[in-house]
Amino acid sequence: MSEGLFHSAVKRLYSAAEHLDLHEDVLERLKYPKETLAASLPVRMDDGSVRSFKAWRCRYDDTRGPTKGGIRFHPAVCMDEVMTLAFWMTFKCAVANLPYGGGKGGVSVDVHQLSRTELERLSRAYVGAFSRFIGPDRDVPAPDMYTNGIVMAWMADEYSRIADEPTPAVITGKPIALGGSLGRDDATGRGGYYVLRHLEDDLGIAPGKSKVVIQGFGNAAFHAARLLHDDGYQIIGVSDSKSAIYDPDGLNPYDVMEYKQKNRTLDGAPTNGKAKTMSNAELLEQECDVLIPAAMENQITGDNADRIVAPVILELANGPITPEGDAILNKAGKTVIPDILANAGGVTVSYFEWVQNKAGYYWPLDEVQDKLQKIMRPEGRRVWDVSKEKGIDMRTAAYVHALDRIASAVEAHGTKAYFDG
Ligand code: GLU
């Protein structure tokens, strides 16, 4: 991700503020992150040498509650990216009305170059370095790109060791056996699926009629694909980091996943016969009714946005569309259901996990899914309504909706008007 990303992300604050009657204190408080800590993590490698990895954690804003957000392990992670992702988390938690602010963390590392024991030592080193920064009532991490349940298990264990007491609520996305929540695994894809299905009449899409292309085939992508497929949407394209498959007659996501797990590639995956293999970039431009970018940031940009044909785009990844790409799509009349709404299902079930850890009482799967639905549908509707009422795109509407909530919390402490009076 390029430097300066944070700068362009924060501009959203100002464009959303134009549609609200906010006190100036609000923007003044939200324009910089509350705190960002950088650390070096020296890790003993299997060959006996020591390697230091750069790591960060940012707590963007905690007005509405403890900061919340994942930890990313990726070679391109930098402070600018971590701050941007923490900013997005602040708004995502407010869109879903979770009692959280936003945070994010990351390590600049290529996990493919580490052994499992090195990965464990790195994960524990992260918590060692940030143990006073995170905490169950302060800042609650979770998985993000290239971190998963087992990494969360090591991190929770390391925190509990330092605190000298079991502290499961310090991190979410844990394995079920260690206090994870049922339903966290498919929550990101499921949340997006609930929003899409809830708005389908407004969007002019329907099961049995509409075709869907998904960029990516990781956790969020697969679950969105299978849920939509089960309901009668036709999935006609999926991809991984190496290649994409596209079949206008439809793919069966379960068969494709089985093939991918066996062969570690999508090349040669079962299709209905008309399949074409293509690049990830080409897949985005294929004819379809719904496009779901569920892989990386910055996939739809000023360079390719005018070649996107899908009228509806559901952002399951964080930040897959750049501001330049966004402007082109909006001008072309496309509806973009933005990341801070579309992928908020993940952090919502993280919140449920945290509540269950604090209560020491665990809910059945149907209760988790019912509660998720009861958040995603009305919040999706509210964002849609704000966009129609104010005549703005759904991304701006989601920021307006979230900023309104954050602003109420900031203003409840008293603004200049109160102190003047
Ligand atoms: N990393 C995920 C996100 O970007 C989940 C965060 C969480 O569960 O706290 O929303």
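Please refer to the structure placed before this passage.
A brief look at the structure comes next.

Focus: the packing of aromatic side chains
Turning to step 1, where the next piece is worked out: Applying the stated rule across the entire model yields 16 aromatic pairs.
Turning to step 2, where the next piece is worked out: Seen in terms of ring centroids, Tyr60 and Phe87 are 5.3 Å apart; in terms of plane orientation they differ by 80 degrees. Their pairing is edge-to-face. Placement of Tyr60 in strand β2 (residues 50-61) and of Phe87 in helix α3 (residues 79-95) is noted, with a sequence separation of 27 residues between them. Each member of the pair Tyr60 and Phe87 is classed as buried.
Turning to step 3, where the next piece is worked out: Judged by centre distance (5.1 Å) and plane angle (90 degrees), the rings of Tyr418 and Phe419 are edge-to-face. An identical accessibility class is assigned to Tyr418 and Phe419; each is exposed.
Turning to step 4, where the next piece is worked out: If you follow Arg138 out to its NZ or CZ, it ends over the ring of Phe133, 5.7 Å from the centre.
Turning to step 5, where the next piece is worked out: The side chain of Lys371 reaches across the aromatic face of Trp363, ending 4.5 Å from its centre.

Details of the site of the ligand
Turning to step 1, where the next piece is worked out: Neighbouring the ligand are 14 residues; Lys68, Lys92, Pro143, Asp144 and Ser350 lie closest to it.
Turning to step 2, where the next piece is worked out: Separating a nitrogen atom of the ligand from a backbone N or O atom of Pro143 is a distance of 2.9 Å.
Turning to step 3, where the next piece is worked out: One of the side-chain nitrogen or oxygen atoms of Ser350 is found 2.5 Å away from an oxygen atom of the ligand.
Turning to step 4, where the next piece is worked out: Out of a free accessible area of 300 Å², the ligand has 94% covered by protein chains.
Turning to step 5, where the next piece is worked out: Counting only elements with at least two residues in the shell around the ligand, the list comes to α3 and α13 (344-359).
Turning to step 6, where the next piece is worked out: The biggest single contributor to the shell around the ligand is α13, with three residues.
Turning to step 7, where the next piece is worked out: Considering only residue class, the shell around the ligand consists of four nonpolar, five polar and five charged.

Parameters and conventions
- Residues numbered from 1 in each chain as written.
- Predicted model: local features only at pLDDT ≥ 70, side-chain atom pairs only at ≥ 80, totals over all residues.
- Heavy atoms only, no water.
- Phe/Tyr/Trp six-rings, centres within 6.5 Å; stacked < 30°, edge-to-face > 60°.
- Helix = DSSP H or I, 4+ residues; strand = E, 2+ residues; numbered from the N terminus.
- Buried < 20%, exposed > 50% of the residue type's maximum accessible area, 1.4 Å probe, protein only.
- Lys NZ or Arg CZ within 6 Å of the ring centre and 35° of its normal.
- Near = heavy atom within 4 Å.
- Polar contact = N/O pair within 3.5 Å; in protein donor to acceptor, adjacent residues only side chain to side chain.
- Areas by Shrake-Rupley, 256 points an atom, 1.4 Å probe, with all protein chains shown as cover.
- Nonpolar A, V, L, I, M, F, W, Y, C, P; charged D, E, K, R; others polar.

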